[in-house]
Amino acid sequence: MESQPGAVVISGFSRVVVLSTAGRRRRSLIRRDVVEAELVNGSMLAPRSGDSIQLVDGKTARWEEAELDPDGRVQHASLRNGYLAATVHVDSEQVVLLRAKRHSFAVVNGRSLPGDPYGYGFVVCPILLHKGENSFLFRCNKGGLAVTLEEPRSGWMLLDGDPTLPDVVVGENDRLLGAAVVLNATGRWLDDVRLRVSVKHEGKTGKAAELDVPALPPLTSRKVAFSFQPPVGVSPDDSVTVRLEVARRDKRTPDAREFPLRVRTSNQSRRRTFVSTIDGSVQYYTVQPRESAKDDPRPPALFLSLHGAGVKSQRQAGCYKAKDWGDVVAPDNRRPYGFDWEDWGRIDAMEALDLAAKRLGSDPLRTYLTGHSMGGHGTWQIGAIYPDRFAAIAPSAGWVSFRSYVGADAQSDDDPVRAMLHRAGNSSNTLGLLRNYLQQGVYVLHGEKDDNVPVSEARNMREQLGLRHSNFAYYERPGAGHWWGNQCMDWPPLFDFFAQNERKPSHEVDRVDFVTVSPAISDRYEWVSVLSQCESMVPSRVSLALDRKARVFVGTTKNVRRLAIDLDRAFGGSLAADADVSIELDDTKLGPIAIESLPSRRLLLQFNEGNWQLAKDVPPSEKGPHRAGPFKEAFRNRVLLIVGTSGTSKENAWALSKARYDAETFWYRGNGSIDVVRDDAFEARATADRNVILYGNAETNSAWGRVLGRDCPLRIDRTGIAVGKKRLDGPDLALLAIYPRLGSEVASVGIIAGTGLQGCRTVDRLPIFVSGVGIPDWVVISSSMFTTGIEGIPAAGFFDHNWQIDEQQSAWRKSKK
């Protein structure tokens, strides 16, 4: 149904009760929560004051009465780690807008909705209220909740909050990108919505442009991208706004909003927007431009600065005074909290770096990385993952890893399934990449009295690196806390250290020692590339020395199946076509090898039966830098969510609800904008090289066979899950998996599916988009996980290099037929 003007405004919540569940959640796929267990099992009813529930630790807890104030706010000790439940009674079916803050998620009449744990305030969820009583459940961990219900002004509307907008720069006329949130407050798909864009300059409105809004699922919010031409002749004090109007093609009355744009001069900081390759959304970074250039013939340096938790890119860049030898570039991590500069946050940083370096004409040999707090962690992380991108790194008040800082799922790996989950999270294990820091300068800055990130994080890295690193500097500010003004980032000795460091060109590097946990995350250091691994997500190492005069490479490897040496990068293009090279790798000697016999002047090697052999490049069908898992990697490459509609009404409703929840959660956590389509509207050819996510099993999602094919060793139907030759049966099983997309050399398919409805609901709120949570190539989860923990995950593993089930890389809780 559509929301009608003049519908009854909801008066308020009744029967408000709260429950403390104790304990705390770690960054792990494993969840133990009796309330979620009841939701999964379908036994969660509207609780009343005095109702009891047995927690996972065996203790009994009771729901207590609470009260919302007239503004919809409540503070209660139970909400530091617990739930609030309430009911709303209406006399007729209607759509309302739910606004809530400080909660992890909500469930309304069985439908999961994204939360607003950071209190941004822009999350608006259109919900359908049924005639009579409607149940609400909120998961809270901040000690309180703010919640209101309001009537939508239209069935399709623009939200005031959360625009992504560029700055207008005086003297620049390039077309600019922006994005705003469009809301569908109707109960059906809308594929006929248009967005009209115009720019107003000093009260005069320019020519408008129109674009089609991507299909909007029922009752959802979606960030929509647009572009516009900035006005000509803008002055610094001018007023410039962008006006947006959204309407359906057959409706004349649009919903309109205007957003002011900042006007900046060439010497002021400015926001630059761009389209992300992850999901096609509009993201931004901020530049603090350099002062008048020094008398230096070299291109300018670039300082990539990563912000801390809760800080925006714009504020981060503003903490620096302009430098006379380089530009400060501050990416956004996709949100002020984002992904802790891991996963999609890491990709955002590198996208911004590549785009900014190209636009600014930066010197690749004088590119530096720094950041404060969470950004300090990002500096440790990104500096280790991409060691040949930065001449030096400088974390300030940074924590090293989740395991050292918050103890993320730090339990032992004695359980084989748990070991697979930990292995999937190896990209978060900063210390596992410690050797990569030896290739670059490292300056560590920390306050002695830091009460947020303990100074032990910095001291630990001093112990790890201080005695073995020849280019390491450490300064611990006496008496300083976590934040001691802009100088804890814009620290002169730090920039002096940067100035003393410059990367060598690749053809001058004669020794490499490189570690990567996955070629899909990072495959190259200077002239060597790890193309595939023997064991997925286990650190791979290549240590090579080059004697250029003799044209001989000598070295060792660990967990490397294929590697490549780029001879033009190694020798600077000086090798003649009739020259030859040799290599001594582990216990294998090869050569002399004629350059003219090598494709693309690359030395390609494969490890086979204990020896290295000359090889061809990685076949696209195999795992490689282009596509290697694990599961989270499915959510990139212009990802598209496919909703199953071939099941029962309840199965179809679940698929829509889950896809909508994931799209909106990615919007909230990562400023995302993901396309969502029904399986009967999915066009395989038009999206041939995009990643897709299937919501529903082989019986309930008709796109299954079109994107996976018969060779996929995984299959899930209503009765069970087949993993290679093994099978698990039951109505409460769920599958998360990634597999190559049929017919594409680059795209992947993500699988999010359950057997019965219990299995479907098992994946409803798994922390897919939480950084530090490792998810293997495939994992089977039972609904019992919410009470038994790791015992409720019967199997998990990684595919081999051919994307087939590898028993050596699989863990099963018990033998299956």
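The model shown is predicted, which means the values in this text are computed figures rather than measured ones.

Procedures and definitions
Residues numbered from 1 in each chain as written. Predicted model: local features only at pLDDT ≥ 70, side-chain atom pairs only at ≥ 80, totals over all residues. Heavy atoms only, no water. Helix = DSSP H or I, 4+ residues; strand = E, 2+ residues; numbered from the N terminus. Buried < 20%, exposed > 50% of the residue type's maximum accessible area, 1.4 Å probe, protein only. Contact = heavy atoms within 4.5 Å. Areas by Shrake-Rupley, 256 points an atom, 1.4 Å probe, with all protein chains shown as cover. Lys, Arg positive; Asp, Glu negative; His and termini not counted. Charge placed at Lys NZ, Arg CZ, Asp CG, Glu CD. Expected span 1.5 Å × (residues − 1). Core = buried A, V, L, I, M, F, W, Y, C linked by side-chain atoms within 4.5 Å. Phe/Tyr/Trp six-rings, centres within 6.5 Å; stacked < 30°, edge-to-face > 60°. Patch = residues over 30% accessible without salt bridge, like charges linked within 9 Å, V, L, I, M, F, W, Y side chains within 5 Å. Salt bridge = Lys/Arg side-chain N within 4 Å of Asp/Glu carboxyl O. Pairing = 2+ DSSP bridges. Axes fitted to C-alpha atoms, helices over the stretch in contact; angles between N-to-C directions. Polar contact = N/O pair within 3.5 Å; in protein donor to acceptor, adjacent residues only side chain to side chain. pLDDT = per-residue confidence, 0-100.

Here we look at the overall build of the protein
Alright, step 1. Across its full length, the protein holds 13 helices and 51 strands.
Alright, step 2. Overall, the protein is about 85 × 75 × 60 Å in size when its C-alpha atoms are taken along their principal axes.
Alright, step 3. The buried share of the protein, taken over its 817 residues, is 61%.
Alright, step 4. Long-range pairs, those at least 24 residues apart, make up 72% of the contacts in the protein between residues at least 6 apart in sequence.
Alright, step 5. For the protein, the accessible surface area stands at approximately 31600 Å², while carbon and sulfur atoms represent 46% of it.
Alright, step 6. Computed over 105 positive and 100 negative side-chain charges, the inter-centroid distance for the protein is 1 Å.

A short note on helix H3 (residues 344-360)
Alright, step 1. Taking 1.5 Å of rise per residue, the 17 residues of H3 would be expected to cover 24 Å, and the 24 Å separating its terminal C-alpha atoms lies within 8% of that figure.
Alright, step 2. Considered for burial, the residues of H3 that qualify are Trp344, Gly345, Arg346, Ile347, Asp348, Ala349, Met350, Glu351, Ala352, Leu353 and Ala356.
Alright, step 3. Glycine 361 occupies a position one or two residues after H3 and carries a positive phi of about 65°.

A few points about the nonpolar core
Alright, step 1. In terms of nonpolar packing, the biggest core is built from 119 residues, with Phe635, Leu641, Leu736 and Trp778 touching the most fellow members.
Alright, step 2. Phenylalanine 635 has contacts with Ile278, Trp344, Leu641, Ile693, Tyr695, Ile752, Ile768 and Phe769, leaving out every residue within four places of it along the chain.
Alright, step 3. Val16, Val90, Ala100 and Val108 belong to the second largest nonpolar core, which has 39 residues in total.

Some details on the packing of aromatic side chains
Alright, step 1. A complete count under the given rule lists 42 aromatic pairs for this structure.
Alright, step 2. Taking 5.2 Å as the distance between ring centres and 55° as the angle between the ring planes, the aromatic pair formed by phenylalanine 607 and tryptophan 612 counts as tilted.
Alright, step 3. The exposure class of tryptophan 612 is buried, given its relative accessible area of 2%.
Alright, step 4. Between phenylalanine 635 and phenylalanine 769, the aromatic rings sit 5.0 Å apart at their centres with planes inclined by 85°, giving edge-to-face as the arrangement. A residue pair is termed long-range when its members are at least 10 positions apart, and phenylalanine 635 in the loop between strand E40 (611-614) and strand E41 (640-643) and phenylalanine 769 in the loop between helix H12 (757-762) and strand E49 (778-782) qualify at 134 residues.

Brief notes about a negative patch on the surface
Alright, step 1. A contiguous patch of negative charge, built from Glu65, Glu67, Asp69 and Asp71, is present on the exposed surface.
Alright, step 2. Locating glutamate 65 in the fold gives a position in strand E4 (residues 64-65).
Alright, step 3. Judged by relative accessible area, glutamate 65 falls into the exposed class, the value being 62%.

Section: the sheet that holds strand E45 (residues 720-723)
Alright, step 1. Strand order across the open sheet formed by three strands is E44-E45-E46, with antiparallel pairing between neighbours. If you trace the sheet from one side to the other, it starts and ends with strand E44 (714-716) and strand E46 (726-729), each paired once. The average undirected angle you get between the axes of adjacent strands in this sheet is 10°.
Alright, step 2. Here E45 pairs with E46 via four bridges, running antiparallel. Bridge pairing in E46 places glycine 720 opposite aspartate 729.

Comments concerning the environment of threonine 273
Alright, step 1. Of note, threonine 273 is situated in strand E23 (residues 270-275).
Alright, step 2. By relative accessible area, threonine 273 is classed as buried at 16%.
Alright, step 3. Between the alpha carbons of threonine 273 and proline 166 there is a distance of 5.6 Å; along the sequence they are 107 residues apart.
Alright, step 4. If sequence neighbours within four positions are ignored, threonine 273 has contacts with Thr164, Leu165, Pro166, Leu177, Val282, Gln283 and Tyr284.
Alright, step 5. From its side chain, threonine 273 meets the backbone oxygen of leucine 177 in a polar contact 2.8 Å long.

Some points on the environment of serine 600
Alright, step 1. Tracing the chain through its elements places serine 600 in the loop between strand E38 (588-594) and strand E39 (602-608).
Alright, step 2. Residue classification places serine 600 among the exposed residues on the basis of a relative accessible area of 62%.
Alright, step 3. Taking C-alpha positions, serine 600 is 9.2 Å from aspartate 568, a pair spaced 32 residues apart along the chain.

Re the sheet that holds strand E8 (residues 103-108)
Alright, step 1. Sheet architecture is open: six strands sit in the order E4-E1-E6-E11-E8-E9, paired in antiparallel fashion. The two strands at the open ends of the sheet, each matched to only one other strand, are E4 and strand E9 (111-114).
Alright, step 2. Most of the contacts of helix H10 (residues 649-670) go to E9, to which it runs at about 5°, and overall it touches E8 and E9.

A closer look at the side chain of serine 810
Alright, step 1. By the element assignment, serine 810 lies in strand E51 (residues 805-812).
Alright, step 2. A polar atom in the side chain of serine 810 sits 2.7 Å from the backbone oxygen of aspartate 806.
Alright, step 3. Beyond its immediate stretch of four places on either side in the chain, serine 810 contacts Met420, Trp778, Ala796, Gly797 and Ile805.

So, the pairing of strand E19 (residues 220-228)
Alright, step 1. Of all nine residues making up E19, seven are buried, and the element is well covered by its neighbours.
Alright, step 2. Across nine bridges, strand E15 (residues 176-184) lies against E19 in antiparallel orientation. Counterpart to glycine 178 in the pairing with E19 is phenylalanine 226.

Digging into the pairing of strand E43 (residues 692-695)
Alright, step 1. Burial along E43 is two-sided: Val692 and Leu694 and Ile693 and Tyr695, pointing in opposite directions, are all buried.
Alright, step 2. Relative to E43, E41 is paired through four bridges, and the arrangement is parallel. The residue bridging leucine 641 from the neighbouring strand is isoleucine 693, located in E43.

Looking at the pattern of salt bridges
A side chain of one charge can pair with a side chain of the opposite charge if their charged atoms are brought near each other.
Alright, step 1. Summed over the entire model, instances satisfying the criterion amount to 51 salt bridges.
Alright, step 2. Between aspartate 340 and arginine 27 there is a salt bridge whose closest N-O contact spans 3.5 Å. Of this pair, aspartate 340 sits in the loop between strand E26 (326-331) and H3 while arginine 27 sits in the loop between strand E1 (14-20) and helix H1 (34-41), and the two are 313 residues apart along the sequence.
Alright, step 3. The exposure class assigned to aspartate 340 is buried, which follows from its relative accessible area of 11%.
Alright, step 4. Among the residues examined, arginine 27 registers a relative accessible area of 24% and is labelled partly exposed.
Alright, step 5. Taken together, the shared-partner salt bridges in this structure form one network comprising Arg194, Arg196, Glu210, Asp212 and Arg249.

Digging into unusual backbone geometry
Alright, step 1. The step from glycine 591 to proline 592 runs through a cis peptide bond, and the omega angle for that step is 0°.
Alright, step 2. Summarising the element assignment, proline 592 is placed in strand E38.
Alright, step 3. Looking along the chain, the bond that leaves glycine 629 and enters proline 630 is cis, with omega of 0°.
Alright, step 4. You can see proline 630 is positioned in the loop between E40 and E41.
Alright, step 5. One non-glycine residue with positive phi stands out, namely glutamate 202, at about 50°.
Alright, step 6. Tracing the sequence through the fold places glutamate 202 in the loop between strand E16 (193-201) and strand E17 (204-205).
Alright, step 7. Positive phi is not limited to glycine here, since serine 373 has a value of about 60°.
Alright, step 8. Within the fold, serine 373 resides in the loop between strand E27 (367-372) and helix H4 (374-385).
Alright, step 9. Judged by relative accessible area, which is 9%, serine 373 ranks as buried.

Quick notes on the confidence of the model for the protein
Alright, step 1. Confidence in the prediction for the protein averages 94 pLDDT; 97% of positions are at 70 or higher.
Alright, step 2. In this model residues 1-10 is a low-confidence stretch, pLDDT under 50, and it forms 27 contacts with partners more than four residues away in sequence or in other chains.

Quick notes on the side chain of asparagine 333
Alright, step 1. Structurally, asparagine 333 is set in the loop between E26 and H3.
Alright, step 2. Look at asparagine 333 and you get buried, because its relative accessible area is 0%.
Alright, step 3. Side-chain polar atoms of asparagine 333 contact the backbone oxygen of tyrosine 337, separated by 2.9 Å.
Alright, step 4. From its side chain, asparagine 333 meets the backbone nitrogen of tryptophan 341 in a polar contact 3.2 Å long.
Alright, step 5. Among all residues touching asparagine 333, those that are not within four sequence positions of it are His307, Gly338, Phe339, Asp340, Trp341, Gly345, Asp348 and Met374.

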